[in-house]
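Observations on chain architecture
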Amino acid sequence: MDLTTRLLLGVTAFAVLGYIGVVYGSCARDSDCHFRLCAGGRSLCGVDHVHVQDR
């Protein structure tokens, strides 16, 4: 594998991990944010931002 290929793979991995960290990390600090499961119920498909109503 040449240097250019390694560099592109590294940049891509950094971008993907950064995106996941921003989306799921910001959701962890927000009480209105909840993880959404896929149709099969076995993996995460994203996040839902729903305001919790006061009781």
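All figures in this text were calculated on a predicted structure; none of them were measured in a lab.

1. Digging into the overall build of the protein
On a plain count of helices and strands, the protein comes out with one helix and two strands. Each helix (α) and strand (β) of the protein, taken in turn from the N terminus, gives the series α-β-β. Computed over C-alpha atoms, the radius of gyration of the protein comes to 17 Å, more than 25% over the 10 Å expected from 2.2 N^0.38 for 55 residues, which places it beyond the range of a compact globule. A burial count over the protein gives 7% of its 55 residues as buried. Pairs at least 24 apart in sequence give 3% of the contacts found in the protein among residues at least 6 apart. Taken as a whole, the protein presents about 5000 Å² of accessible surface, with 62% of it coming from carbon and sulfur. In the protein, 5 side chains carry a positive charge and 5 a negative one; their mean positions are 9 Å apart.

2. A word on the confidence of the model for the protein
Of all residues in the protein, 93% attain a pLDDT of 70 or more, and the chain-wide mean is 81. Strand β2 (residues 44-49) is the least confidently modelled element of the protein, averaging 75 in pLDDT, while helix α1 (residues 3-28) averages 89, the highest of any element.

3. Here we look at the pairing of β2
As paired strands, strand β1 (residues 33-37) and β2 are joined by five bridges and run antiparallel to one another. Paired with F35 across the strands is V47, a residue of β2.

4. Comments concerning the environment of T12
Within the element layout of this structure, T12 appears in helix α1. A polar atom in the side chain of T12 sits 2.8 Å from the backbone oxygen of L8.

Definitions and limits used
Residues numbered from 1 in each chain as written. Predicted model: local features only at pLDDT ≥ 70, side-chain atom pairs only at ≥ 80, totals over all residues. Heavy atoms only, no water. Helix = DSSP H or I, 4+ residues; strand = E, 2+ residues; numbered from the N terminus. Rg over C-alpha atoms; globule rule 2.2 N^0.38 Å. Buried < 20%, exposed > 50% of the residue type's maximum accessible area, 1.4 Å probe, protein only. Contact = heavy atoms within 4.5 Å. Areas by Shrake-Rupley, 256 points an atom, 1.4 Å probe, with all protein chains shown as cover. Lys, Arg positive; Asp, Glu negative; His and termini not counted. Charge placed at Lys NZ, Arg CZ, Asp CG, Glu CD. pLDDT = per-residue confidence, 0-100. Pairing = 2+ DSSP bridges. Polar contact = N/O pair within 3.5 Å; in protein donor to acceptor, adjacent residues only side chain to side chain.

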